[in-house]
Amino acid sequence: MSHHANIRHDSQPENPLTFPVSTEGSHIPSPVITRRTRTASMSERAASNPVQYGKVKYFCRQRGHGFITPDDGSDDIFFHISDIEGEYAPRHGDDVTYKLCHIPPKMEKLQAVHVVITHLSPGTHERWDQPPSPTQDSDQAFPHVTQ
């Protein structure tokens, strides 16, 4: 049984270009800046930023994004699938390092880039060369939601 059934209660059809669900206190930025759409100057600034540390709060391969809870206690940080480095798809509880990148147009919000898993959480981790497991995505996508 999917946890997603408990999340969306309205009758409007889900638009594949929007993300109607957010985790507690975490919001998907708009527009979503991917590695491919980031300008060279944005990439250079992000690469020069200090390394940050945190844990994966949630990640869904099917939606292509997730959130990191920073170790310093600040607000959760959005990350896009294109900014994950390494051979495994992240899971809830993985320790990660990342750098921060400002999100246009106002450059007020931040997202994590250069995300690297430094310690795998317990459980099976999928490699990027494996097809996504529907149960793994739905089980970890919203770990705080109970049935």
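Position numbers for residues count from 1 along each chain, tracking the sequence in the order it is written. In keeping with the predicted nature of the model, local features appear solely for residues at pLDDT of at least 70, side-chain atom pairs appear and are counted solely at 80 or more, and the whole-chain, interface and lining totals rest on all residues. To obtain the side-chain values, all non-hydrogen atoms of the structure were used and water was disregarded.

A. Inspection of the overall build of the chain at higher detail. In this description a helix means any DSSP run of H or I spanning at least four residues, a strand means any run of E spanning at least two, and both kinds are numbered starting from the N terminus. Counting secondary structure elements, the chain contains 2 helices and 6 strands. Ordered by position in the sequence, the α and β elements of the chain form the string α-β-β-β-β-β-β-α. Here the term buried applies to any residue with accessible area under 20% of the maximum for its type, exposed to any over 50%, and partly exposed to those in between, with areas from a 1.4 Å probe on protein chains only. Residues counted as buried form 39% of the 147 residues belonging to the chain. For the chain, restricting intrachain contacts to residue pairs at least 6 apart in sequence, the fraction spanning at least 24 positions comes to 65%. The contact criterion used throughout is that any non-hydrogen atoms of two residues lie within 4.5 Å.

B. Molecular detail of the pairing of strand E3 (residues 77-80). Alternating residues of E3 divide into Ile77 and Phe79 and Phe78 and His80, and every residue in both groups is buried. Strand pairing is assigned whenever DSSP identifies at least 2 bridges connecting the two strands. The pairing of strand E2 (residues 65-70) with E3 spans 4 bridges and is antiparallel. Bridge pairing in E3 places phenylalanine 67 opposite phenylalanine 78. Linking two consecutive strands that pair antiparallel, namely E2 and E3, is a turn of 6 residues; a positive phi of about 85 degrees is found at glycine 73 within it. Bridge count between E3 and strand E6 (residues 109-119): 2 bridges; the pairing is parallel. Bridge pairing in E6 links phenylalanine 79 to alanine 112.

C. Representation of the environment of threonine 124. For threonine 124, the position within the fold is in the loop between E6 and helix H2 (134-141). Each C-alpha atom of the pair threonine 124 and arginine 91 lies 8.9 Å from the other, and the pair is 33 residues apart in sequence.

D. Examining the packing of aromatic side chains more closely. Pairs were defined over the aromatic rings of Phe, Tyr and Trp, the Trp ring being its six-membered one, requiring ring centres within 6.5 Å. Orientation was assigned from the angle between planes: stacked under 30 degrees, edge-to-face over 60, tilted for the rest. Applying the stated criterion across every chain, the model contains 4 aromatic pairs. With a centroid separation of 5.8 Å and 25 degrees between ring planes, the pair formed by tyrosine 58 and phenylalanine 67 is classed as stacked. Taken as a pair, tyrosine 58 and phenylalanine 67 share a single burial class, namely buried. For the ring pair phenylalanine 59 and tryptophan 128, a centre distance of 6.3 Å and an interplane angle of 85 degrees mean the geometry is edge-to-face. With phenylalanine 59 in strand E1 (residues 52-60) and tryptophan 128 in the loop between E6 and H2, this pair connects stretches of sequence that are 69 residues apart. Note on phenylalanine 59: relative accessible area 0%, which makes it buried. Residue class for tryptophan 128 comes out partly exposed when judged on its relative accessible area of 25%. Linked through ring pairs, Tyr58, Phe67 and Phe78 together constitute an aromatic cluster. Cation over ring: arginine 127 sits above tyrosine 88, and NZ or CZ is 5.9 Å from the ring centre. Think of it as a cone above the ring: NZ of Lys or CZ of Arg counts as a charge over the ring if it is within 6 Å of the ring centre and within 35 degrees of the ring normal.

E. A look at the pattern of salt bridges. Each salt bridge in this description consists of a side-chain nitrogen of Lys or Arg and a carboxyl oxygen of Asp or Glu lying within 4 Å of one another. For the coordinates displayed, the defined rule picks out 5 salt bridges. In this structure, a network of salt bridges that share partners links the residues Glu87, Arg127 and Asp129.

F. Examining the confidence of the model for the chain more closely. Looking at any residue, its pLDDT shows the predictor's confidence there, from 0 to 100. This prediction gives the chain a mean pLDDT of 75; 65% of its residues lie at or above 70. pLDDT under 50 marks residues 1-23. Its contacts with residues more than four places away, or in other chains, come to 35 contacts.

G. Region of the structure containing the environment of proline 132. The residue proline 132 is located in the loop between E6 and H2 in this model. By relative accessible area, proline 132 is classed as partly exposed at 41%. For the pair proline 132 and alanine 89, spaced 43 residues apart in sequence, the C-alpha to C-alpha distance is 9.1 Å.

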